[in-house]
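Here's the letter readout for the chains.
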Amino acid sequence: MGGLQPWHWVIVIVVFVLLFGAKKLPDAARSLGKSMRIFKSEIKEMQAEGKSENSPATPIASERVDIANPTADQPDKRSA
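Conventions and cut-offs
- Residues numbered from 1 in each chain as written.
- Predicted model: local features only at pLDDT ≥ 70, side-chain atom pairs only at ≥ 80, totals over all residues.
- Heavy atoms only, no water.
- Helix = DSSP H or I, 4+ residues; strand = E, 2+ residues; numbered from the N terminus.
- Buried < 20%, exposed > 50% of the residue type's maximum accessible area, 1.4 Å probe, protein only.
- Expected span 1.5 Å × (residues − 1).
- UniProt positions renumbered as here; feature names shortened; annotations may be inferred.
- Salt bridge = Lys/Arg side-chain N within 4 Å of Asp/Glu carboxyl O.
- Contact = heavy atoms within 4.5 Å.
- Patch = residues over 30% accessible without salt bridge, like charges linked within 9 Å, V, L, I, M, F, W, Y side chains within 5 Å.
- Areas by Shrake-Rupley, 256 points an atom, 1.4 Å probe, with all protein chains shown as cover.
- Phe/Tyr/Trp six-rings, centres within 6.5 Å; stacked < 30°, edge-to-face > 60°.

### With respect to the overall build of the chain
And step 1. The helix and strand tally for the chain stands at two helices and zero strands.
And step 2. Split into buried and exposed, the 80 residues of the chain put 0% on the buried side.

Here you go:
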């Protein structure tokens, strides 16, 4: 009653060949393989982005504030 026995697999394969034809099965398997590769690469890319977002960001030189003179970047607010 458990899993599929070998003769069950033979019946499933015969049904697939009859339904889809012998020519279309390799193309379907090839496209499924390409889709899986794309999916895996997207998952890896998302995981890499998640790791980089969690790490502390170092400020870029243009974003750094001069600690010795913090008002150096601020414009003069006095009226002329």
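### Topic: helix H1 (residues 6–20)
And step 1. For H1, which comprises 15 residues, the first-to-last C-alpha distance of 21 Å matches the rise-based estimate of 21 Å (1.5 Å per residue) to within 8%.
And step 2. A positive backbone phi angle near 85 degrees is found at Gly-21, which sits one or two residues after H1.

### Brief notes about the UniProt feature "transmembrane region" (unreviewed entry) in the chain
And step 1. UniProt's feature table lists "transmembrane region" (unreviewed entry) at residues 6–22, given in the numbering used throughout.
And step 2. For the annotated span residues 6–22, helix accounts for 88% and strand for 0% of the residues, and the straight-line distance between the end C-alpha atoms is 21 Å.

### Comments concerning the pattern of salt bridges
And step 1. The full count for this structure, using the stated rule, is one salt bridge.
And step 2. We note a salt bridge from Arg-30 to Asp-27, for which the minimum N-O separation is 2.8 Å. In this pair, Arg-30 and Asp-27 both sit in helix H2 (residues 24–54), three residues apart, roughly one turn of the helix.

### Observations regarding the environment of Leu-25
And step 1. Tracing the backbone through its elements, the reader meets Leu-25 in helix H2.
And step 2. Beyond its immediate sequence surroundings of up to four residues, Leu-25 is in contact with Phe-16, Val-17 and Phe-20.

### Comments concerning a nonpolar patch on the surface
And step 1. Where nonpolar side chains cluster on the molecular surface, the patch consists of Leu-4, Trp-7, Trp-9, Ile-11, Val-12, Ile-13, Val-15, Phe-16, Val-17, Leu-19 and Phe-20 and spans about 1100 Å² of accessible area.
And step 2. The residue Trp-7 is located in helix H1 in this model.

### Regarding the packing of aromatic side chains
And step 1. Using the criterion set out here, one finds one aromatic pair in the structure.
And step 2. Geometrically, the ring pair formed by Phe-16 and Phe-20 is stacked, given 5.8 Å between the ring centres and 20 degrees between the ring planes. Taken together, the residues Phe-16 and Phe-20, both in helix H1 and four residues apart, mark about one turn of the helix.
And step 3. Taking the relative accessible area as the measure of exposure, Phe-16 reaches 42% and is therefore partly exposed.

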